[in-house]
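Now for the letters of each chain:
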Amino acid sequence: MRTADGDIILGLHRSGHPRDVLEAAADLGVTRLDTASNYLRHRSHETLNAVAGDLLSKFTVSTKVAYFPDGHSLDPARLRAAVERAAKDLGREPDTVLLHNPEHSRPAAGLLSQACAALADAAQAGLCGGWGVSSWDPRPLVGFDVPQPAVLMVRAGLLVGLDVLEAAEALAARWRPSQVWGMSPFNGSTTEAVWERFDPRIFLRDGPSVTKVQAAFRSAYHLPQVNAVAVGTDDAGHLRELVDALAHEVDHHVVTEYRRLLQGRRQSD
């Protein structure tokens, strides 16, 4: 779903790819899916095609490559082959292919540039609509140059540490992607104890009228500033709750003060 302040992407990490949730997403206006070649034990693309092949024309699809059954690799030839395989298994070319957690292999600058160039060449050849980088921990990548990506995908939300948050912003400033996407706004679960101890509704101008889940999700669009947030769920009701959250306005003064508090805490450690 698109609003003036951002999109929702239905992420398929930890998802069983249930058709009813995909149908609900389309009905709710959530028309972007994000997966990876290694999700669902390296069978996400095939499963998505089998379960919802006739629905996929309603979605833009992003996927990620670099994790193989034998481990993580930034070898350009393997990445090119993975993009080709993704298109075959999905039954269509993905709209975006992201280099998946390049920091996992602790690349030197040259290898990272070559890996990114392989995806850029794949996009140029029509194997995907565009390319980008998805990084769980962008700190090791700060200082590296790559061909300008269409997308940079990073963690977003209230549970992202200040060092990771600042590294993501530094990469966005250096690489100048066309879009920045967020992921994992709940750090994997909306039932973690932290959400009982902390009330994120203070970040919204009309906080009392929303749930804690909605407030945490809505805040993620500004920590760091992102164009879209990917969130995973197999529950159509939860997805509807998040769609409704986009109608609410974030209090930017509270976000600024929160960041000051994070910086002050780091300085005192």
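Caption draft 1: Geometry of the overall build of the chain. For the chain, the count of helices and strands is 10 helices and 11 strands. Relative to the 2.2 N^0.38 estimate, which gives 18 Å for 269 residues, the radius of gyration of the chain is 18 Å and therefore close to what a compact globule would have. Taken along the three principal axes of its C-alpha coordinates, the chain extends 50 × 45 × 30 Å. Residues classed as buried in the chain amount to 52% of the 269 residues present. A separation of at least 24 residues holds for 77% of the contacts in the chain among residues at least 6 apart in sequence. As presented, the chain carries roughly 11900 Å² of accessible surface, and 48% of it is formed by carbon and sulfur atoms.

Caption draft 2: Seen up close, empty space enclosed by the protein. What the rule picks out here adds up to 1 cavity of 30 Å³ or more. Counted as a void, the largest cavity has a volume near 40 Å³. Around the largest cavity sit R155, A156, G157, L158, L159, V160, S184, P185 and N187, which together line it. The residue inventory of the lining of the largest cavity, partitioned by class, reads 5 nonpolar, 3 polar and 1 charged.

Caption draft 3: Spotlight on the packing of aromatic side chains. Applying the stated criterion to the full structure yields 4 aromatic pairs. Between F198 and F203, the aromatic rings sit 6.3 Å apart at their centres with planes inclined by 70°, giving edge-to-face as the arrangement. With a relative accessible area of 1%, F203 lands in the buried category. Between the aromatic rings of F203 and Y258, the centroid separation amounts to 5.3 Å while the plane-to-plane angle is 85°, which identifies the pairing as edge-to-face. Taken together, the residues span a long stretch of sequence, with F203 in the loop between α7 (194-197) and α8 (212-219) and Y258 in helix α10 (residues 252-268) at a distance of 55 residues.

Procedures and definitions
- Residues numbered from 1 in each chain as written.
- Predicted model: local features only at pLDDT ≥ 70, side-chain atom pairs only at ≥ 80, totals over all residues.
- Heavy atoms only, no water.
- Helix = DSSP H or I, 4+ residues; strand = E, 2+ residues; numbered from the N terminus.
- Rg over C-alpha atoms; globule rule 2.2 N^0.38 Å.
- Buried < 20%, exposed > 50% of the residue type's maximum accessible area, 1.4 Å probe, protein only.
- Contact = heavy atoms within 4.5 Å.
- Areas by Shrake-Rupley, 256 points an atom, 1.4 Å probe, with all protein chains shown as cover.
- 1 Å grid on protein atoms, 1.4 Å probe; cavity = no way out; pocket = protein on both sides within 12 Å on 5 of 7 lines; lining within 4 Å.
- Points joined across faces, edges and corners; volume = space filled by probe spheres on them.
- Nonpolar A, V, L, I, M, F, W, Y, C, P; charged D, E, K, R; others polar.
- Phe/Tyr/Trp six-rings, centres within 6.5 Å; stacked < 30°, edge-to-face > 60°.

Remember that the coordinates give geometry; whether it matters functionally is a separate question.
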